[in-house]
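Remarks on the overall topology
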Amino acid sequence: MAVDLAAHYLEEARRQMRGHKRMGEGAMAQLREEDFFVTLDAESNSVAILVKHLAGNMRSRFTDFLTSDGEKSDRFRDREFQVASSITRAEVMKWWEEGWACVFTAIEALKVEDVMRTVTIRDEPHTVLQAINRQIAHYAAHVGQIVFLAKHLRSSEWKTLSIPRGKSEEFKTVAPKAQKS
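Here is a short report on the structure shown in this document.

Here helix 1 (residues 2-28) spans 39 Å end to end across 27 residues, near enough to the 39 Å set by a 1.5 Å rise per residue. Among the residues of helix 1, A6, Y9, L10, A13, R14, M17, H20, K21, G24, A27 and M28 are the ones counted as buried. For helix 1, the elements touching its buried residues are helix 2 (47-62), helix 3 (89-109) and helix 4 (128-154).

Now the structure itself:
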């Protein structure tokens, strides 16, 4: 039973991570180059900053995931919230891909017996399960911010990433039929 549960957990964690990546990409695909660098106010982050922060976190947390602290000594978190004016959309997307590559390399390699192993983040012990859940929640929050910004910036040109507003009832009747075919 415990092995089945651990296997199911790892499968679900991987599924959620893939979903967050796909959601962020769906939002960013709708943005113009200049949209990546827009902030709504002095305290807000741009999409570029959010991606830079995510990539830094992902590299730090998931490089040598089982064997070193998740806060690497060569990570300078404060710099993740600064983006030079020379940065391009292509560079932002490169950060995105590199960050997710760290995540998927680490979590695809995990075995059921790893789920209850102890890893550390900032010298604080976590089970692998706890550490992954922590990151799923963190990434979901920031991907949600990316979606919010993209939706705000694209406004009437926004193409929904889920069920369109006002179409929930229609979805309830169409979805079951689609599943049967």
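Moving on: the packing of aromatic side chains. Any aromatic ring pair is given by two values, namely how distant the centres are and how the planes are angled relative to each other. Summed over the entire model, instances satisfying the criterion amount to 5 aromatic pairs. On the numbers, 6.4 Å between centres and 45° between planes, the contact of F36 with F37 is tilted. Judged by its relative accessible area of 0%, F36 is buried. Put simply, the rings of W96, W100, F104 and Y139 touch in pairs and so form one group of aromatic residues. One residue, R79, lies across the ring of F76, its end atom 4.2 Å from the ring centre.

Moving on, we get to the nonpolar core. Core analysis: the largest hydrophobic core is formed by 43 residues, its most contacted members being M17, F65, V103, I132 and I146. Among the elements that make up this core, the one with the highest residue count is helix 4 (11 residues). Not counting chain neighbours up to four residues away, the residues in contact with I132 comprise Y9, A13, M17, F65, I107 and L110.

Parameters at a glance
Residues numbered from 1 in each chain as written. Predicted model: local features only at pLDDT ≥ 70, side-chain atom pairs only at ≥ 80, totals over all residues. Heavy atoms only, no water. Helix = DSSP H or I, 4+ residues; strand = E, 2+ residues; numbered from the N terminus. Expected span 1.5 Å × (residues − 1). Buried < 20%, exposed > 50% of the residue type's maximum accessible area, 1.4 Å probe, protein only. Contact = heavy atoms within 4.5 Å. Phe/Tyr/Trp six-rings, centres within 6.5 Å; stacked < 30°, edge-to-face > 60°. Lys NZ or Arg CZ within 6 Å of the ring centre and 35° of its normal. Core = buried A, V, L, I, M, F, W, Y, C linked by side-chain atoms within 4.5 Å.

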